[in-house]
Amino acid sequence: MFFYVRGAQSILCMDSQQQSVFRDIPSVNDCMGWLVASGTLDDIPLQRLKFCVRHFLDIVRQSIQTNRKTGAIVSDRQRLLEELAHFVRQYHGLGLRRVINGTGVIVHTNMGRSLLPMGTMATLRAAAAHYSNLELNLDTGKRGSRYHHVEGLLCELTGAESALVVNNNAAAVLLALETLASGKEVIVSRGQLVEIGGSFRIPDIMRRSGARLVEVGTTNRTHLRDYQQAITDDTGLLLRVHCSNYRIIGFTSEVNDAELIGLGKKHDLPVMEDLGSGCLIDLSRFGLAKEPTVQEAVAGGMDIVTFSGDKLLGGPQAGILVGRKYYIDQIKNNPLNRALRIDKLTLAALESVLRLYLDEAQALREIPTLAMIALPEAVLAERARALCEQCHVLLADYAVFTVQRTCSQVGGGAMPEQNLASWAVAVEPIALKISQLERRLRQTSVPVIGRVEADRLLFDLRTIAADETDILLAGLQAALQPGRDERT
Ligand SMILES: *Cc1c(COP(=O)(O)O)cnc(C)c1O
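Residues numbered from 1 in each chain as written. Predicted model: local features only at pLDDT ≥ 70, side-chain atom pairs only at ≥ 80, totals over all residues. Heavy atoms only, no water.

**Comments concerning the domain arrangement of the protein chain**
Phase 1 of the analysis: Once the domains are mapped, the protein chain shows domain 1 (16-92), domain 2 (100-109 + 373-480) and domain 3 (116-366).
Phase 2 of the analysis: One C-alpha centre belongs to domain 2, the other to domain 3, and the line joining them spans 34 Å.
Phase 3 of the analysis: In total, about 1200 Å² of surface goes out of reach between domain 2 and domain 3, with carbon and sulfur atoms giving 71% of it.
Phase 4 of the analysis: Counting across the domain 2 and domain 3 interface gives 0 salt bridges.
Phase 5 of the analysis: Run the count over domain 2 and domain 3 and you get 0 residue pairs in polar contact (both at pLDDT 80 or more).
Phase 6 of the analysis: Grouping the constituent residues of the side of domain 2 that touches domain 3 by class yields 8 nonpolar, 3 polar and 1 charged. (Domains from an automatic or database assignment. Buried area = accessible area lost by both parts, 1.4 Å probe. Salt bridge = Lys/Arg side-chain N within 4 Å of Asp/Glu carboxyl O. Polar contact = N/O pair within 3.5 Å; in protein donor to acceptor, adjacent residues only side chain to side chain. Nonpolar A, V, L, I, M, F, W, Y, C, P; charged D, E, K, R; others polar.)

Listed below in structure tokens is the structure:
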């Protein structure tokens, strides 16, 4: 909005022209009267309306002091009223809203990571609307454990002895470290001291857990003897962290799982792996590099494996711990676990998604994160051609549309340098700058997010569902056609 300018200048600094503009500002009551009479905001409670009007008038006052152009608008009652109504609509709109993800980044943390399968929606609705046996054992009638509902499934799918679920993987790592290594030393390779977006950094989490970080090796090379030499009576855990969002290439070496597990055994120390994304299906068949699956880490003898619920697993936000019962039991009994407990909706969604993995083909079909990875290039090319044609028919006067090969990414910090061949519609607006088009698209009723590449705005069909192209088209119409939204 043009007069969203904040300043705190004193009224004493105003010249007489500004003061007269000030006197022109309508009262809260006048504004309320107009809005109610206009009948366009009937769905908004009066109390909310009044709050918005006050807020709006404050902004107008502030803006008069910093921006002379505002004066003209204050004297144009019709324009002022339009601005006010627009402001109220924006303000009253839902904070968390649907958007169209045209970036081609499948697990996009800023846009909610994984989408849940259609079948999971019914499960979620039932769990939300009705009472459930969340912590009720239906056999005995006594209190049960909420984790019971997914623990068996997790063990069955990963081959682990025991499992636990907390709020997210950051919490899982923190909880495991606090339980097993508080007041002790944890040995980590210097090549694995990762920072994930949103300020999850291994050294910081370690400090918070009360464990002492012992770094070994170098950035590019760490050997088994580095770990060996660092083990003392104070050592509590050997930690391996998956380099989710970066790669060290060239003259490199890391100790493999088997060697590290062997060393742990020899010294009677637990070995833990933060897998990050944590996938249950080998995705190399879709052209991605082979990543260790959770099952492989467990079968290899890792004592504790942690991973996210909403990255490659394709479920709700959660942090999953699987591994040896001896350690997982200790983690379960940590009072901190209660503070990190997941809610029933997460639990319902997670159980529903995990059940799909009982049949791999079904998982690949129904879990959107996996289905998007599995989408064949030819399908995407065809959909891009069809969308481009529609755009051209509707909007050829305002932009040039082309079909373009592009690369989608898994995202979520997983597989950073891995690309999936894909197809996009590229937009080159005729009268707008790319940045203007991007901003307008963010302000349409369902915001549309694309990716800028070489002065074109790209919409990668891999992350746009087949039934979302109409919304995308409507967004492009609203953003490209002049006079649609002058305020931006
Ligand atoms: C993503 C990630 C985390 C954090 O997981 P959240 O579920 O986002 O808390 C921790 N460690 C690694 C290696 C990761 O990739």
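**Thoughts on the side chain of Asn101**
Phase 1 of the analysis: Of note, Asn101 is situated in strand S1 (residues 100-101).
Phase 2 of the analysis: A polar contact of 3.1 Å, which involves the side chain of Asn101, links it to the backbone oxygen of Val105.
Phase 3 of the analysis: When residues no more than four places from it in sequence are discounted, the contact partners of Asn101 are His108, Met111, Ile449, Thr463 and Ile464. (Helix = DSSP H or I, 4+ residues; strand = E, 2+ residues; numbered from the N terminus. Contact = heavy atoms within 4.5 Å.)

**Quick word on the site of the ligand**
Phase 1 of the analysis: Near the ligand, the surroundings consist of Arg113, Asn168, Asn169, Ala170, Ile196, Phe200, His242, Ser244, Asp274, Gly276, Ser308 and Lys311.
Phase 2 of the analysis: Between Asp274 and the ligand, the recorded distance is 2.6 Å, taken from a side-chain N or O atom to a nitrogen atom.
Phase 3 of the analysis: At 2.8 Å, a side-chain N or O of Lys311 approaches an oxygen atom of the ligand.
Phase 4 of the analysis: Considering the ligand on its own, with 380 Å² of exposed area, one finds that the protein chains cover 94% of that surface.
Phase 5 of the analysis: Of all elements in the fold, only helix H8 (169-181) and strand S9 (271-276) reach the threshold of two or more residues within the shell around the ligand. (Near = heavy atom within 4 Å. Areas by Shrake-Rupley, 256 points an atom, 1.4 Å probe, with all protein chains shown as cover.)

**Quick look at the pairing of strand S8 (residues 235-241)**
Phase 1 of the analysis: Among the 7 residues of S8, 7 are classified as buried, and the element is accordingly described as predominantly covered.
Phase 2 of the analysis: Relative to S8, strand S4 (residues 185-189) runs parallel, the two being bridged by 3 bridges. Note that in S8 the partner of Val186 across the bridge is Leu237.
Phase 3 of the analysis: In this fold, the crossover linking S8 to S9 by way of helix H11 (residues 257-266) has right-handed handedness. (Buried < 20%, exposed > 50% of the residue type's maximum accessible area, 1.4 Å probe, protein only. Pairing = 2+ DSSP bridges. Right-handed = clockwise from strand over helix to strand, strands pointing away.)

**Brief notes about helix H9 (residues 202-209)**
Phase 1 of the analysis: Looking at H9, one finds that the buried residues are Ile202, Ile205, Met206 and Ser209. The buried residues of H9 all sit within an arc of 105° when viewed along its axis, so they share a single face. Projecting away from the buried face of H9 at angles above 90 degrees are the exposed residues Arg207 and Arg208.
Phase 2 of the analysis: Tucked into the core, H9 has its buried residues touching H8, S4, strand S6 (200-201), strand S7 (212-216), S8 and S9.
Phase 3 of the analysis: Of the residues trailing H9, Gly210 is marked for its positive phi of about 85°. (Arc of directions from axis to C-beta.)

**Describing the sheet that holds S4**
Phase 1 of the analysis: The strand order across the open sheet built from 7 strands is S3-S11-S10-S9-S8-S4-S7, with neighbouring strands paired in mixed fashion. Edge strands, defined here as strands with exactly one partner in the open sheet, are strand S3 (162-166) and S7. Going across the sheet, the axis of each strand differs from the next one's by a mean of 25°, ignoring polarity.
Phase 2 of the analysis: In terms of strand pairing, S8 meets S9 through 4 bridges, oriented parallel. Pairing of Leu238 across the sheet is with Val271, part of S9.
Phase 3 of the analysis: Against the sheet, helix H13 (residues 325-332) contacts S3, strand S10 (304-308) and strand S11 (319-323), and its axis sits at roughly 30° relative to S3. (Axes fitted to C-alpha atoms, helices over the stretch in contact; angles between N-to-C directions.)

**What about the sheet that holds strand S13 (residues 420-429)?**
Phase 1 of the analysis: Pairing within the open sheet is mixed, and its 5 strands lie in the order S2-S12-S13-S16-S15. The open sheet has two free edges, formed respectively by strand S2 (105-107) and strand S15 (451-453), since each of these has just one partner strand. Averaged over all pairs of adjacent strands, the angle between strand axes in this sheet comes to 40°, irrespective of strand direction.
Phase 2 of the analysis: Pairing between S15 and strand S16 (residues 456-460): 3 bridges, direction antiparallel. Within the sheet, the bridge partner assigned to Val452 lies in S16 and is Leu457.
Phase 3 of the analysis: Against the sheet, helix H18 (residues 377-395) makes contact with strand S12 (399-411) and S13, and its axis sits at roughly 10° relative to S13, the strand it touches most.

**Side note on the packing of helix H3 (residues 46-66) against helix H5 (residues 77-92)**
Packed helix pairs are characterised by how far apart their axes lie and by the angle those axes make with each other.
Phase 1 of the analysis: The geometry of H3 relative to H5 is characterised by a closest axis approach of 10 Å and an angle of 120° between their N-to-C directions. Put simply, H3 runs oblique to H5. As for the relative orientation of H3 and H5, their crossing is right-handed in sense. Between H3 and H5, the contacting residues are Arg48, Leu49, Phe51, Cys52, Val53, His55, Phe56 and Ile59 on the first element and Leu80, Glu83, Leu84, Phe87, Val88, Tyr91 and His92 on the second.
Phase 2 of the analysis: Of the residues in the contact of H3 with H5, the class split is 11 nonpolar, 2 polar and 2 charged. (Parallel < 35°, antiparallel > 145°, perpendicular 65-115°, else oblique. Left-handed = near helix turned anticlockwise from the far one by under 90°.)

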